[in-house]
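Below, each chain spelled out in residue letters.
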Amino acid sequence: MMAQEGGPPILLSLFMFLLMLSAQCGCHPHSAGSIRSLAAAGAVSNQTASEDIAAEVAGYTDVAKKIIDLAVFGAAQNRSHRRLADFTDTIGNRVSGSHNLELAIKYMYNAVSQDGLDVHLEPVKIPHWVRGKESAEMIAPRAKSLAILGLGSSVGTPAEGIEAEVLVVQSFEELKRRASEAIGKIVVFNQPFVSYGETVAYRELGASEAAKVGAVASLIRSVTPFSINSPHTGWQDYQDGVKRIPTACITIEDAELMSRMAQRGQKVVVRLTMEAKTLPDADSFNTVAEITGWQHPEQVVLLSGHLDSWDVGQGAMDDGGGAMISWEALSLIKDLGLRPRRTLRAVLWTAEEQGGVGAQQYFDLHKVNMSNFDLVMESDMGTFNPVALQFTGNDAARKVMEEVVKLLAPINTTKLEVHGEGTDISPWLKAGVPGASLHVADSRYFWFHHSEGDTMTVQDPQEMNLCSALWAVVAYVVADLQDMLPR
Ligand SMILES: [Zn+2]
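Chemist: Explain the pairing of strand β9 (residues 269-274) here, please?
Modeler: Along a regular strand, successive side chains alternate from one face of the sheet to the other. The pairing of strand β2 (residues 134-140) with β9 spans six bridges and is classified as antiparallel. Within the sheet, the bridge partner assigned to Glu137 lies in β9 and is Arg271.

Dropping the structure here:
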């Protein structure tokens, strides 16, 4: 028992001790050789350690199969999809500060307690931006209504709207080059979609960049690779000391239309009317469900998704799915009568879309217990077909996780990738806590993201079964291993 528990440290101190001895006597003809062979022994013990962890994790093959069977073929089949449909059909979308978000939290609190899990709420103050009525029309060179969605945190226009000529640019560089032409105009950004991570800068910073060169409003081409005339909203950031001008997203189709007209030398005029405003911060909650660990209740494996959404569509994909599979993972483990050594905690964040507000507060409140957070997990890129687990941690932790994902062979998702980061878990990862994100076949994710198209119709029950199975196996096994993940 002793040798097993204290294995590597004892070997290490023995090694140091012998190293000291050999340094002290100095005269030993074989001292260098002895050190070499001891170093070799160290390598052997590392090897043994990884064989040990491989054997320990392989011991979970049967239980992993049971979880997978229950989620994918058994009584729990399609349950996370059914739960998501019931939740999003009943509540609808759930933007930060809205009555719907309050209803959503109550709904989940009740549903999770009825499921027999421990659940509690942790209060958070969250932003309260309201869209109000909004519209945009092209006045010249011909009349046409434009589909828009105001961007989160935007100010409104005067009641009569803003009518101005348009300056279409393809990039921030072009805006700088043509700064003198922007004064008094509505800047239309018609930037091509490269990737969400890169292109989203236009949505986040476009209004302030346009205001700096004297624009009166800005319209941003939606950050999506695909469109059937759908505007996609999202959060935007005003820069300090820069005039706050109204800003909305427009469709790819309308951005390209205005771009072509401008290239022909036609004068394009748009009238924009927005009632958007920011109200005082609202009261909200992170929703926390748990299965308490039997041996180390204070140690935690955290699974998460966010409960809030944008105020369009149903927020089924972003991120109802991530929230539901995190709950479902706990349900599967409970249904099988399992209880891991450590606590499994599903956290359904509030106000993620406003910059991870609920998650940041959770980190600030709980970081004092950082050494007890074993692994933090987030699903916020959709719950389509799972392809891999993305993981951030040191090499020793990665070795453990490589063994854990082998247990997912029955659903063919044994790949462990890099970059476990996600908005809501990133504070933990930056502080050195191992983190994991769900990687799904997400090519369609940004088609629907933050638009009216984010509905139950894009969700598939079988895909959600697979996501739930993966989520549950990884969380359960890590929470039940002898040791926490190395960090
Ligand atoms: Zn999201």
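Chemist: Just to check I follow, could you spell out the sheet that holds strand β12 (residues 342-349) for this structure?
Modeler: Within a beta sheet, neighbouring strands are joined by backbone hydrogen bonds and run either parallel or antiparallel to one another. Strand order across the open sheet formed by eight strands is β1-β10-β12-β11-β13-β16-β14-β15, with mixed pairing between neighbours. The open sheet is flanked by β1 (118-130) and β15 (416-417), the only strands paired with a single partner. In this sheet, strand β16 (residues 435-440) lies alongside strand β13 (residues 373-378) in parallel orientation, the contact comprising three bridges. Bridged to Val376 within β16 is Gly435. Here helix α6 (residues 99-114) sits on the sheet and contacts β1, β10 (277-291) and β12; the angle it forms with β1, its principal contact strand, is near 170 degrees.

Chemist: What am I meant to see in the sheet that holds strand β3 (residues 144-146) here?
Modeler: Spatial ordering of the open sheet is given by β3-β2-β9-β5-β6-β7-β8-β4, a layout of eight strands whose pairing is mixed. Each end of this open sheet is capped by a strand with a single partner; those strands are β3 and β4 (148-150). Each strand of the sheet is rotated relative to its neighbour by a mean of 30 degrees, with strand direction disregarded. This element, helix α8 (residues 196-212), spans β6 (186-189), β7 (217-221) and β8 (247-250) of the sheet and lies at about 155 degrees to β7. Packing against the sheet, helix α9 (residues 252-263) makes contact with β2, β3, β5 (162-169), β6, β7, β8 and β9, and its axis sits at approximately 130 degrees to β3.

Conventions we followed
Residues numbered from 1 in each chain as written. Predicted model: local features only at pLDDT ≥ 70, side-chain atom pairs only at ≥ 80, totals over all residues. Heavy atoms only, no water. Pairing = 2+ DSSP bridges. Helix = DSSP H or I, 4+ residues; strand = E, 2+ residues; numbered from the N terminus. Contact = heavy atoms within 4.5 Å. Axes fitted to C-alpha atoms, helices over the stretch in contact; angles between N-to-C directions.

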